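So you can see what is in the structure, the chains are spelled out below.
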Amino acid sequence: MTILWDLDPRSLDTHRYALGADTVQVTAAGQIDLALHEGTHRLIVIGPDIDLDAACALAEFQRIHRPELGVLLLRHRVDVTTLSHALRSGVREVITLGDQTALTDAVRRSLQLTAQLAGHTANGNGAQSDGRVITVFSAKGGVGKTTIATNLAAYLASTGSRTLIVDLDLMFGDVAISLQLAPEHSIGDLMAMSGHLDAEGLTSVVTRHDSGLDVLAAPADPGVADRVPAALADELIRVARGSYDYIVVDTPPSLTEHVLTVCDHSDITLLIATLDIPAIKNLRVAMSALDTLGTSQEGRVVVLNRADANVGLKPGDVEVALKHSINGQIPSSQAVPASINRGVALVLDDPRSPVSAAIRELADREVRARFGEEIAPEAKRRPSLFRSHK
Ligand SMILES: Nc1ncnc2c1ncn2[C@@H]1O[C@H](COP(=O)(O)OP(=O)(O)O)[C@@H](O)[C@H]1O
Ligand SMILES: [Mg+2]
């Protein structure tokens, strides 16, 4: 059933054809919850006179509590601000009032997506829809986002968790190249499946790394990158949660629409700081922006990369500037650029390097233990290293 939230009493008649016969109309937000409890509802359509903030608040709430439920928004006029605000909140599509064809199509797409999401939750070939999303972000380039994201993901995959790394640095993504992969497909190929993406569709565009890690590469063509809609990132993450235990997201050094969309879904936002003042200042600004947007502070983890650099700034100074404690430190090592140039994940290629140890420790404490995984002691976990001592 569909719920139409609209103030105009004639609205139900106007939209009945597009929305289907089994549509009920409510005029107040308070009635929605009641209606939701009285039957199986798959879609809420919000009328053009409902306040945008109220509409977005509803979408945001339902996205968490009923992720399969679709929310569509009707507006008298669709502008970029409305669109971005709405999509960021979890509204699936915004339709101009009067465009009945667009509304009919959007309803069909949303019902399809709902059916797929419900299918994943119910069975999905044994898949559960509770994969954890870890977004690696900093407001500056060159601080180690890609290094940390790829190594973290490769390590999580090596522990036996089904892991996907998504390269959301759409223009300049280098996840694939830093793992020496030549992907045939990229996020760009998901555009054709937009609105009806499912686990199989996702599998068809990922590239498998030797470690067992699945990689969803950024488009090779920046022209394609430019056309990837933020809503696709949203759909991608929803579907990926059903197929993977962990989804690690590498990002560009700015809060793009795509990054914001994914941050909203993230169980952990791994913020990378380095010992330089502009990077810290930018990170502070980004953290305030994330606060303003209401993303969870609970899942925020600050990692200091190249923590041992002798540059006159101490980790304590960073904590004061960021007003956040440092939850993990990764030292500087020549082994890092060397591993990138060789196209290997350092954490697997040289597990004894101090950088590998720091990444494992970070992953064990801030990711695996947080989600209830039992962590074996180092020696038990990597018996191959100790074989020579037997
Ligand atoms: N801990 C480290 N020690 C030495 N070099 C590092 C370390 N972390 C990152 N680098 C180097 O810094 C550069 C930028 O890293 P990268 O992960 O691509 O950053 P970002 O994704 O934030 O732009 C790379 O050349 C990488 O080898
Ligand atoms: Mg990068």
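This is a predicted model, so every value here is computed, not measured.

Draft legend 1. Looking closely at the confidence of the model for the protein chain. Across the protein chain, the average pLDDT comes to 90, with 94% of residues at or above 70. Note that residues 120-128 has pLDDT below 50 and, in this model, twelve contacts with residues that lie over four places away or in other chains.

Draft legend 2. The sheet that holds strand E7 (residues 163-167), seen in detail. If you trace the eight strands from one edge of the open sheet to the other, you get E8-E9-E7-E10-E6-E11-E12-E13, paired in mixed fashion. Of all strands in the sheet, those with a lone pairing partner are strand E8 (207-208) and strand E13 (328-330), marking the two edges. Pairing between strand E6 (residues 132-137) and strand E10 (residues 246-250): five bridges, direction parallel. Bridged to Val133 within E10 is Ile247. Packed onto the sheet, helix H6 (residues 145-158) meets E6, E7, E10, strand E11 (268-273), strand E12 (300-305) and E13 and runs at close to 165° relative to E10.

Draft legend 3. Region of interest: the domain arrangement of the protein chain. Domain annotation for the protein chain reports domain 1 (2-122) and domain 2 (132-381). For the pair domain 1 and domain 2, the interface holds three salt bridges. Between Asp234 and Arg63 there is a salt bridge, and its shortest N-O distance comes to 3.1 Å. Summed over the shared surface of domain 1 and domain 2, the result is four residue pairs in polar contact (both at pLDDT 80 or more). The element contributing the most residues to the side of domain 1 that touches domain 2 is helix H5 (residues 100-122), with six residues.

Draft legend 4. Structural context of the packing of helix H12 (residues 277-292) against helix H13 (residues 315-322). It is the contact of H12 with H13, at a shortest axis distance of 9 Å, that shows an interaxial angle of 35°. Regarding H12 and H13, the two cross each other, and that crossing is right-handed. In this structure, H12 contributes Ile280, Leu283, Arg284 and Met287 to the contact, and H13 contributes Val318, Ala321 and Leu322. Residue classes in the contact of H12 with H13 are distributed as six nonpolar, no polar and one charged.

Draft legend 5. Local environment of helix H10 (residues 230-243). Spanning 14 residues, H10 covers 21 Å between terminal C-alpha atoms, matching the ideal 20 Å at 1.5 Å per step. Where burial is concerned, most of H10 is hidden: 13 out of the 14 residues are buried.

Draft legend 6. The packing of aromatic side chains, seen in detail. Applying the stated criterion across every chain, the model contains one aromatic pair. Here the aromatic rings of Tyr246 and Phe371 are separated by 6.3 Å at their centres, their planes lie at 45°, and the arrangement is tilted. In this pair, Tyr246 is assigned in strand E10 and Phe371 in the loop between helix H16 (354-368) and helix H17 (378-381), connecting sequence segments 125 residues apart. In this structure Tyr246 comes out as buried when scored by relative accessible area, which is 3%. By relative accessible area, which is 21% here, Phe371 ends up partly exposed.

Procedures and definitions
Residues numbered from 1 in each chain as written. Chains lettered and ligands numbered in written order. Predicted model: local features only at pLDDT ≥ 70, side-chain atom pairs only at ≥ 80, totals over all residues. Heavy atoms only, no water. pLDDT = per-residue confidence, 0-100. Contact = heavy atoms within 4.5 Å. Pairing = 2+ DSSP bridges. Helix = DSSP H or I, 4+ residues; strand = E, 2+ residues; numbered from the N terminus. Axes fitted to C-alpha atoms, helices over the stretch in contact; angles between N-to-C directions. Domains from an automatic or database assignment. Salt bridge = Lys/Arg side-chain N within 4 Å of Asp/Glu carboxyl O. Polar contact = N/O pair within 3.5 Å; in protein donor to acceptor, adjacent residues only side chain to side chain. Left-handed = near helix turned anticlockwise from the far one by under 90°. Nonpolar A, V, L, I, M, F, W, Y, C, P; charged D, E, K, R; others polar. Expected span 1.5 Å × (residues − 1). Buried < 20%, exposed > 50% of the residue type's maximum accessible area, 1.4 Å probe, protein only. Phe/Tyr/Trp six-rings, centres within 6.5 Å; stacked < 30°, edge-to-face > 60°.

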